[in-house]
Amino acid sequence: MEFKIDATCGNARACTITTAHSTIQTPIFMPVGTVGSVKSLDMYDMDDILGAQIILANTYHTYLRPGDETIAHMGGLHGFSTYPKSFLTDSGGFQAFSLSDISKPTESGIEFKSHIDGSMHFFTPEKVIDIQNNLGSDIMMILDDLVALPATQERIKTSIERTTQWAKQSIEYFRHKQSLEIGTQQNIFAIIQGGTDLAFRTQSATELCAMDYDGFAIGGLSVGESNTLMYDTVEHTTPLMPFDKPRYLMGVGTPEDLVENIERGVDMFDCVMPTRNARNGTLFTTYGRINIRGAKFKLDNQPIDPACECYTCKRYSRAYLHHLFRSKELTFFRLASLHNLHYYLWLVGEARKAIIAGTFSEFKKDFYARRQA
């Protein structure tokens with residue numbers, strides 16, 4: 001992986017990441033394709049219509065179904081899905097957290113019960129690397145110990161101690177496999193934990209960033225804390241991360257979250273919000289959110305967002321989308337998801353332009369001014 005900083009504006013960064021499959025210009029939003037597919041969209045939509053440079057798939061879900069060995073047999077995620085650009089795979093730590101009633105972290109890994117058939121499984125730091133080698137992702141994430149917030153000091157301390165230990169095991173195992181020419185085109189990121197406790201964040205970042213990782217992520221946020229606490233934690237953590245490597249904020253978030261955290265030095269984002277909200281009728285626009293199910297849209301011949309140039313807005317009215325939603329037509333899911341993802345990708349693209357032009361503060365002011373209007 002090659003990483004280059006193209007411009008900065010305050011703490012905001014415009015960078016270029018080059019993997020074996022694509023060139024990624026940051027700030028970037030990664031659509032979530034949990035099982036190797038972004039819900040309601042196909043890879044023509046992702047590549048040709050949206051121009052997505054990288055999407056996220058999930059180790060936990062693809063391991064359970066169809067199985068990482070099946071995917072390896074079919075040419076990895078790229079061959080199986082036909083998506084030609086980059087994949088990032090999450091390690092499954094978040095799923096262990098979100099499915100906590102059927103999972104249990106231990107000192108050596110995470111034991112969990114399949115949500116599909118109830119079978120028992122155990123993820124170790126080494127096993128998730130083996131799985132991600134089979135998936136063939138361009139960027140893999142290590143296994144980490146994530147906790148819900150608020151949490152006790154003792155639980156957060158345990159979390160960062162486990163995460164650091166697993167990170168040591170992960171990087172040693174990953175580099176050993178690369179020495180055997182296994183996964184030589186893959187890259188690996190570590191995940192900084194610590195809740196919203198700044199001392200714990202400092203400890204976790206200091207320990208992890210001393211290791212030979214290709215990039216670093218901030219994990220364990222957007223899990224119950226306030227936005228203010230999230231922003232403060234990111235603002236504290238990004239200066240502790242290497243300047244010359246990618247910075248990824250996991251599982252975040254709203255358009256406001258993207259703008260605020262780009263300003264704080266984050267390069268990469270992912271979240272299910274644009275596609276999940278689309279399926280529920282909530283659409284993102286330059287002027288804020290609209291809920292297309294509302295009766296006021298029944299005779300509205302405007303596009304979702306008059307300022308938007310997406311596939312959906314250039315072809316269809318709010319009235320038609322309102323009709324599709326109320327009629328429970330499956331076409332609605334695709335058209336709404338295309339719009340929301342286009343908006344997110346457009347937003348980070350405009351942020352990049354502003355950083356390069358040295359006008360990010362003006363961009364941010366305009367972003368909020370439109371919403372207030």
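Reading guide: rules and limits
Position numbers for residues start from 1 in each chain and track the written sequence from start to end. This being a predicted model, a pLDDT of at least 70 is required before a residue's local features are given, and a value of 80 or more before pairs of side-chain atoms are given or counted; all residues contribute to the totals for chains, interfaces and linings. Water and hydrogen atoms were dropped before computing side-chain values, which therefore reflect all heavy atoms in the structure. Stacked, tilted and edge-to-face are the three classes applied to pairs of Phe, Tyr and Trp rings, where Trp contributes its six-membered ring and a pair requires centres within 6.5 Å; stacked means planes under 30 degrees apart, edge-to-face means over 60, and tilted covers the rest. Burial status follows relative accessibility: with a 1.4 Å probe on protein chains alone, a residue under 20% of its type maximum counts as buried, one over 50% as exposed, and anything between as partly exposed. Secondary structure elements are taken from DSSP: a helix is a run of H or I of four residues or more, a strand is a run of E of two residues or more, and numbering for both begins at the N terminus. Only strands that DSSP links by at least two bridges are regarded as paired with each other. Counting rule for disulfides: a pair of cysteine sulfur atoms within 2.5 Å.

Chemist: Is there a simple way to think about the packing of aromatic side chains in this case?
Modeler: For any pair of aromatic rings, the description rests on two quantities: the centre-to-centre distance and the angle between the ring planes. Using the criterion set out here, one finds 13 aromatic pairs in the structure. Seen from their ring centres, Phe325 and Phe332 are 5.1 Å apart, and the 70° between their planes marks the pair as edge-to-face. Residue classification places Phe325 among the buried residues on the basis of a relative accessible area of 19%. One aromatic cluster is present, built from ring pairs that chain together Phe29, Phe284, Tyr343, Tyr344 and Trp346.

Chemist: Even after reading the chapter, I still don't get helix α10 (residues 255-263), so can you show me in this structure?
Modeler: Note that an α-helix has 3.6 residues per turn; residues three or four places apart therefore point the same way. Burial runs high along α10: seven of the nine residues are buried. Looking at the residues trailing α10, positive phi occurs at Gly265, about 100°.

Chemist: What is the right way to read the pairing of strand β9 (residues 120-123) from this model?
Modeler: Every other side chain in a regular strand lies on the same face of the sheet, so the side chains alternate between the two faces. Covered by surrounding structure in β9 are His121 and Phe123 only, the residues Met120 and Phe122 on the alternate face being uncovered. As defined by bridge partners, strand β8 (residues 110-113) adjoins β9 across four bridges and the pair is classed as antiparallel. Counted as the bridge partner of Glu111 is Phe122 from β9. Between β8 and β9, which follow one another and run antiparallel, lie six residues, and Gly118 among them has a positive phi close to 80°.

Chemist: Is there a simple way to explain the state of the cysteines in this structure?
Modeler: The bond known as a disulfide is covalent and runs between the sulfur atoms of two cysteines. Under the definition given, this model contains zero disulfides. Not part of a disulfide, Cys313 finds its nearest cysteine sulfur in Cys310, a span of 3.7 Å. With relative accessibility at 9%, the residue Cys313 sits in the buried group.

Chemist: Got a minute to help me understand unusual backbone geometry in this structure?
Modeler: The phi torsion of most residues other than glycine is negative, and most of the peptide bonds are trans. Between Thr26 and the following residue, Pro27, the backbone shows a cis peptide bond with an omega angle of 5°. Within the secondary structure, Pro27 is located in the loop between β3 (23-25) and β4 (28-30). A positive phi is found at Thr82, a non-glycine position, where the angle reads about 70°. With respect to the helices and strands, Thr82 occurs in the loop between α4 (76-81) and β6 (86-90). By relative accessible area, which is 56% here, Thr82 ends up exposed. At Lys328, a position not held by glycine, the phi torsion is positive, near 60°. Locating Lys328 in the fold gives a position in the loop between α12 (318-326) and α13 (331-357).

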